[in-house]
Structures are given as structure tokens and as C-alpha cells.
Amino acid sequence: MPNRDVNLFASYSRGYKTPAVGTTAAGTLFELAPETVDAFELGVKYGVGRMQLTGNLFYTMIDNFQSQRSEFAGTALVSVPFNVPNLTSKGVEFNAFGELLPGFNINAGYQFNILKYPAGTFGDDAVDTNGDRIFDANVVPGLPFTLGGTQFLNAPKHKFTLSGDYGFPVGDTMELFLNANVVWKSEVLLANRADPRYRYPGHALVNTGFGVRDQDGGWTA
């Protein structure tokens, strides 16, 4: 049963983005349907000493996601807004943060997210429904054109983060600090294209820093 160290939570939220009408850089008229989002979340928070552990499940439904694709108008590459009929994001998140040792704080997290293009979605390098036009004049023959079932743009299926910060006092009001963080992502789609050359493989970004700061958080150098 929940106690002073355990917190169960659930939430539901709904979002709305207004429709849009305008002209593209090529001078053609576009009209975007309104975008709506229904998001559900269920999770638990657990306190262990000076650490807090969190886990949650999420499920998000997006109708008429407002996006854009790139097409050639003559020799110019222009952006054309369009609606993705429906998207579903579902997965799980875990997080742990707090003071692991005196002066040493950590923050670690993991996210598993399934967010795929719906069946029948074509990329910018696709032929149209009549098969008589190619969006990208430089498409390589023989490549797949559909994005249906592919993990969505800029949405890795797996993401792991870890950061640490260690500070120790210098005098009465200042402290020296050293921090580092790493972010690892699985394969990422860089553009609305089925061409496998636009799939960036799993990778990590690492950052470090050091300096001096006010113990009350008023300034940092």
C-alpha cells in the first residue's frame, strides 16, 4: 500500500492545435486540419533516502499531426505542410535522481517509446499515388518509398541519460564543481525519407564541465 515514501499517480490531458491555411513557397494553397492529442499516464514515485525513483507508462494518441514534407518546384526545394492522419506514442519511462553521496548528485533516466508512421505514409523520396511523379528528383532507383511502420522522425525508440554533479565548498559562500553527462539514443530518422541513408545509427553525446558557483545558486562561472 502507498505510504509516505510512495506516490501513485495517473493523468489524462487533451491538446488542440488550430487549423492553418496559407500558400507554400511554390505558390500553391495548403489547408491543415486541426491537430488533437489525448495523453494518458500512469506511474509511481518512490523515495529511498535522498534518492527518488520514478516509473511510468504513457499512451498518447495524435490525430492529424501537422507536419511538412520537401518537394522540388522546378529546381527549388520547397516545404509543403500536410497532416499525418494518426499517430500513437506508447512506452515506459524510468528515472532516478538525488544525492547519492554528500555533494554528489546524479540523474539517470531511460525511455522506451514506440512511435511509428501509419501504414500508407510515403516519404519525401516517394512516388505519388499515380506512380508518375517523384518528390525527390535525386532519389536512388530501387530504394523503398513507404515510411509506414518506420519509427517517427527524430523519435528514437530507446533513449538513456546519465548526469552527475559533484561540488565542494571553497570559503563561506562559494563552491567548486565538476559535472558530466551522457545521452545515448538508438537509431534516429533525420528526415521524412525512406532512404536508409537518412537513418542515423545509435550514438552517444558526452559533455563535461567544471567551474565555481555560489552555494545558493545565484551565479555560476
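Below is a short write-up of the structure.

Cut-off values and rules
- Residues numbered from 1 in each chain as written.
- Predicted model: local features only at pLDDT ≥ 70, side-chain atom pairs only at ≥ 80, totals over all residues.
- Heavy atoms only, no water.
- Pairing = 2+ DSSP bridges.
- Helix = DSSP H or I, 4+ residues; strand = E, 2+ residues; numbered from the N terminus.
- Axes fitted to C-alpha atoms, helices over the stretch in contact; angles between N-to-C directions.
- Patch = residues over 30% accessible without salt bridge, like charges linked within 9 Å, V, L, I, M, F, W, Y side chains within 5 Å.
- Areas by Shrake-Rupley, 256 points an atom, 1.4 Å probe, with all protein chains shown as cover.
- Salt bridge = Lys/Arg side-chain N within 4 Å of Asp/Glu carboxyl O.
- Buried < 20%, exposed > 50% of the residue type's maximum accessible area, 1.4 Å probe, protein only.
- Core = buried A, V, L, I, M, F, W, Y, C linked by side-chain atoms within 4.5 Å.
- Contact = heavy atoms within 4.5 Å.
- Polar contact = N/O pair within 3.5 Å; in protein donor to acceptor, adjacent residues only side chain to side chain.

1. Here we look at the sheet that holds strand S7 (residues 104-115)
With antiparallel pairing, the eight strands of this open sheet are ordered in space as S1-S4-S5-S6-S7-S8-S9-S12. The sheet is open, and its two edges are formed by strand S1 (6-17) and strand S12 (203-214), each paired on a single side. Taken pair by pair, the neighbouring strands of this sheet meet at an average axis angle of 20°, ignoring direction. Sheet topology places S7 next to strand S8 (residues 158-170); nine bridges connect them, and they run antiparallel. Each residue of the ladder has a partner; that of Asn107, found in S8, is Ser163.

2. Considering a nonpolar patch on the surface
On the surface, Tyr166, Phe168, Val170, Met174, Leu176 and Trp219 cluster together to form a nonpolar patch covering roughly 500 Å² of accessible area. Those elements giving two or more residues to the nonpolar patch turn out to be S8 and strand S9 (174-185). Sorting elements by how many residues they give to the nonpolar patch places S8 first, with three residues. Accessibility expressed as a relative area gives 38% for Trp219, which makes it partly exposed.

3. Some points on the nonpolar core
One finds Ile62, Phe82, Val84, Leu87, Leu115, Tyr117, Leu147, Phe152, Ala155, Leu189 and Ala194 forming the largest nonpolar core, which totals eleven residues. In this structure, Leu189 is in contact with Tyr117, Leu147, Thr150, Gln151, Phe152, Leu153, Asn154, Tyr198 and Arg199, ignoring residues within four places of it in sequence.

4. A closer look at the side chain of His203
Within the secondary structure, His203 sits in strand S12. Polar contacts involving the side chain of His203 include one to the main-chain carbonyl oxygen of Pro201, which spans 2.9 Å. Those residues in contact with His203 that sit more than four places away from it in its chain are Val183, Trp184, Lys185 and Val188.

5. Thoughts on the side chain of Ser186
Assignment of secondary structure puts Ser186 in the loop between S9 and strand S10 (188-189). Side-chain polar atoms of Ser186 contact the backbone nitrogen of Lys157, separated by 3.2 Å. Here the side chain of Ser186 touches His158 through a polar contact of 2.9 Å, landing on its backbone nitrogen. Once you skip the residues sitting within four places of it in the chain, Ser186 turns out to touch Pro156, Lys157, His158 and Gly202.

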